[in-house]
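For reference, the chains in residue letters:
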Amino acid sequence: MGMGSILCSLNGHHYAACWLVLIGYLLDLADGAVARQLNACSALGAKLDDFADFTTFGIATSLLLRTPNILDNVLSMCYMLSVFIRLCFFSSGIPFMYRGLPCIYSSAILACLSLLTGGNMAVLRLTAMAMILFMVSQTLYPHDRVLESQAWKKVVYAGGIIVVFCSSFPPVCLYYLLWSVSYILFPMSLWSCKV
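Keep in mind that what you see is a predicted model, and the values were worked out from it rather than measured.

### Examining the environment of His143
Along the chain, His143 turns up in the loop between strand 2 (140-142) and helix 7 (151-166). On the accessibility criterion, His143 (25% relative accessible area) is partly exposed.

See the structure below:
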């Protein structure tokens, strides 16, 4: 999804690039659960997962911020570097906890806002700056395995799949936006494994 989104962005297909980031969001939440279910976990798989995350949620998402303006390109690079930093230093030392906002949520927010606002750069700039701060913060966020957790979280995930294939883009974007913002606003009360 990340490579496809990059190609779409480079060829001026902004709408498709955003959709591929959102599909990457769903796949990223499922890949670990599928690997564990198939007993296919490996060190190579973990490294490839980080590479896929950086490609989709770092490079591809940062290209959504790219314009001919040099300051937008600097912001795009800062966003990509914050994803890199977040992926390199996410471990908190506390089991099932991350430091900094997981990049899938910030990418989903940017992709949804880009689709909903028609690529309004003022909105995207402000949102990207906020997401950078959330990702590099030392705030603790739960590492919840959505597909291996409470039933209601599986329903939220299934709803994400249904709206992608059965709805027009405004409801899909609102669904993913609410899902991602709820993770930022209520990480422990809603999304912690211990709930």
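Past the structure itself, the notes keep going.
### Here we look at the nonpolar core
One finds Leu22, Tyr25, Leu29, Tyr79, Leu101, Tyr176 and Trp179 to be the most contacted residues of the largest nonpolar core, which totals 53 residues. Broken down by secondary-structure element, the contributors of at least two residues to this core are helix 1 (2-10), helix 2 (14-37), helix 3 (43-63), helix 4 (70-88), helix 5 (103-117), helix 6 (121-136), helix 7 and helix 8 (169-185). Here Leu101 is in contact with Arg86, Ser106, Met131, Phe134, Met135, Tyr141, Tyr183 and Ile184, once residues within four sequence places are set aside.

### Some points on the packing of aromatic side chains
Under the defined criterion, the tally for this structure stands at 12 aromatic pairs. Note on Tyr25 and Tyr176: the rings are 5.4 Å apart at their centroids and 75 degrees apart in plane angle, and the pair reads as edge-to-face. Of this pair, Tyr25 sits in helix 2 while Tyr176 sits in helix 8, placing them 151 residues apart in sequence. As far as the burial class goes, Tyr25 and Tyr176 line up, both buried. Considering the side-chain rings of Tyr175 and Trp179, the 6.2 Å spacing of their centres and the 80 degrees angle between planes classify their relative orientation as edge-to-face.

### Some points on the UniProt feature "transmembrane region" (unreviewed entry) in the protein
When the UniProt feature table is mapped onto this chain, "transmembrane region" (unreviewed entry) is found at residues 96-116, 122-143 and 155-178. End-to-end, the C-alpha atoms of residues 96-116 are 33 Å apart, and along that stretch the chain is 67% helix and 14% strand. The span residues 122-143 is 68% helical and 14% strand by assignment, and the distance between its end C-alpha atoms comes to 31 Å.

### Focus on the packing of helix 4 against helix 5
Between helix 4 and helix 5, whose axes approach to 10 Å, the crossing angle comes to 155 degrees. Here helix 4 is positioned roughly antiparallel relative to helix 5, judged by the angle of their axes. For the pair helix 4 and helix 5, contact is made by Tyr79, Val83, Arg86 and Leu87 and by Cys103, Ser106, Ser107 and Leu110, respectively. Grouping the amino acids of the contact of helix 4 with helix 5 by side-chain chemistry returns five nonpolar, two polar and one charged.

Cut-offs used in this document
Positions within a chain are numbered from 1, following the residues in the order the chain's sequence is written. The predicted nature of this model means local features are confined to residues of pLDDT at least 70 and side-chain atom pairs, given and counted, to a pLDDT of 80 or more, with totals for whole chains, interfaces and linings taken over all residues. Hydrogen atoms and water are omitted, and side-chain values are computed over all heavy atoms in the structure. Only DSSP runs of H or I reaching four residues or more are called helices, and only runs of E reaching two or more are called strands; each is numbered from the N terminus. Residue burial is assigned from relative accessible area. The probe radius is 1.4 Å, only protein chains are included, and a residue is buried under 20% of its type maximum, exposed over 50%, and partly exposed in between. In these notes, a set of buried Ala, Val, Leu, Ile, Met, Phe, Trp, Tyr and Cys residues joined through side-chain atoms within 4.5 Å is what counts as a nonpolar core. Here a residue-residue contact requires only that any non-hydrogen atoms of the pair lie within 4.5 Å. Each aromatic pair joins two rings of Phe, Tyr and Trp (for Trp, the six-membered one) with centres within 6.5 Å, and gets the label stacked for planes under 30 degrees apart, edge-to-face for over 60, and tilted for any other angle. UniProt positions are given in the numbering used here, feature names are shortened, and annotations may be inferred rather than shown by experiment. Axes here mean lines fitted to C-alpha atoms, for a helix over just the part in contact, with angles spanning 0 to 180 degrees between N-to-C directions. For classification purposes, an angle smaller than 35 degrees is called roughly parallel, one larger than 145 roughly antiparallel, one from 65 to 115 roughly perpendicular, and anything else oblique. When residues are grouped by polarity, Ala, Val, Leu, Ile, Met, Phe, Trp, Tyr, Cys and Pro land in nonpolar, Asp, Glu, Lys and Arg in charged, and all others, Gly among them, in polar.

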